[in-house]
Amino acid sequence: MNEILRSLIKWAEENEVIPDIHFTSECGGIWLNLILRKHGKRMQHAFYVPGGVLCLSNWDMFPVEEELNLFIEDAKSELGQR
């Protein structure tokens, strides 16, 4: 997960996309909320991590890499890519 977020931040920097990444705790788990903006366009997605608290064991136990990769690929086509 960390490597994917790292690559997302790198891609956002290279393509002048503004990322907004934040966590909220609701419904017995943690939500990673990801918003990307560029030239008035906006994409948003929330990823659910069960477990109630944000800790490394919950972070690693419930991988959302595939879902995050799909969101990044959509963002590349919607917001532009270098």
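Up top is the structure these notes are about.
A brief report on the enclosed structure follows.

The rules behind each value
- Residues numbered from 1 in each chain as written.
- Predicted model: local features only at pLDDT ≥ 70, side-chain atom pairs only at ≥ 80, totals over all residues.
- Heavy atoms only, no water.
- Core = buried A, V, L, I, M, F, W, Y, C linked by side-chain atoms within 4.5 Å.
- Buried < 20%, exposed > 50% of the residue type's maximum accessible area, 1.4 Å probe, protein only.
- Helix = DSSP H or I, 4+ residues; strand = E, 2+ residues; numbered from the N terminus.
- Contact = heavy atoms within 4.5 Å.
- Phe/Tyr/Trp six-rings, centres within 6.5 Å; stacked < 30°, edge-to-face > 60°.
- Expected span 1.5 Å × (residues − 1).
- Arc of directions from axis to C-beta.
- Patch = residues over 30% accessible without salt bridge, like charges linked within 9 Å, V, L, I, M, F, W, Y side chains within 5 Å.
- Areas by Shrake-Rupley, 256 points an atom, 1.4 Å probe, with all protein chains shown as cover.
- Salt bridge = Lys/Arg side-chain N within 4 Å of Asp/Glu carboxyl O.
- Axes fitted to C-alpha atoms, helices over the stretch in contact; angles between N-to-C directions.
- Parallel < 35°, antiparallel > 145°, perpendicular 65-115°, else oblique.
- Nonpolar A, V, L, I, M, F, W, Y, C, P; charged D, E, K, R; others polar.

1. Here's the deal with the nonpolar core
Point 1. Within the largest apolar cluster, 18 residues are counted, with the highest numbers of intra-cluster contacts made by Leu8, Trp11, Leu34, Leu36, Phe47 and Leu68.
Point 2. Put simply, the parts of the chain that give this core at least two residues each are α1 (2-14), β2 (29-38), β3 (41-50) and α3 (65-79).
Point 3. Every residue in contact with Leu36, bar those within four places of it in the chain, is listed here: Leu8, Trp11, Val17, Ile18, Pro19, Lys41, Arg42, Met43, Phe71, Ala75 and Leu79.

2. Thoughts on the packing of aromatic side chains
To describe a pair of aromatic rings, one takes the distance between the centres and the angle between the planes.
Point 1. As enumerated under the stated definition, the model contains 2 aromatic pairs in all.
Point 2. Look at Trp31 and Tyr48: their rings are 4.8 Å apart centre to centre, the planes differ by 50°, and that puts the pair in the tilted class. Pair noted here: Trp31 is in strand β2 and Tyr48 is in strand β3, with a separation of 17 residues, a long-range link.
Point 3. The exposure class of Tyr48 is partly exposed, given its relative accessible area of 29%.

3. Some words on α1
Point 1. Across its 13 residues, α1 extends 18 Å between first and last C-alpha, which sits within 8% of the 18 Å expected from 1.5 Å per residue.
Point 2. Among the residues of α1, those classed as buried are Ile4, Leu5, Leu8, Trp11 and Ala12. Taken around the axis of α1, the buried residues stretch over an arc of 120°, which confines them to a single face. When the buried face of α1 is taken as reference, the exposed residues oriented beyond 90 degrees from it are Asn2, Glu3, Arg6, Lys10 and Glu13.
Point 3. Lining the buried residues of α1 we find β1 (18-26), β2, α2 (56-61) and α3.
Point 4. Once α1 ends, the next one or two residues include Glu16, with phi positive near 55°.

4. Some details on a nonpolar patch on the surface
Point 1. Among the surface-exposed residues, Ile9, Ile21, Phe23 and Leu54 lie close enough to one another that they form a single nonpolar patch of about 340 Å² accessible area.
Point 2. Take Ile21: it is sitting in strand β1.
Point 3. Judged by its relative accessible area of 32%, Ile21 falls in the partly exposed class.

5. Section: the packing of α1 against α3
Point 1. The geometry of α1 relative to α3 is characterised by a closest axis approach of 11 Å and an angle of 10° between their N-to-C directions. Classified by the interaxial angle, the pair formed by α1 and α3 is roughly parallel. Contacts between α1 and α3 pair Ile4, Leu5, Leu8 and Trp11 from the former with Glu65, Leu68, Asn69, Ile72, Ala75 and Lys76 from the latter.
Point 2. Residue classes in the contact of α1 with α3 are distributed as 7 nonpolar, 1 polar and 2 charged.

6. Some thoughts on α3
Point 1. Over its 15 residues, α3 extends 20 Å from the first C-alpha to the last, a length consistent with the 21 Å expected when each residue adds 1.5 Å.
Point 2. Listed as buried for α3 are Leu68, Phe71, Ile72, Ala75 and Leu79. Axial view of α3: buried residues confined to an arc of 100°, hence all on one face. Of the exposed residues in α3, those oriented more than 90 degrees away from the buried face are Glu66, Leu70 and Ser77.
Point 3. If you follow the buried residues of α3, they end up packed against α1, β2 and β3.
Point 4. Remark: Gly80 follows α3 within two positions and exhibits a positive phi of approximately 100°.

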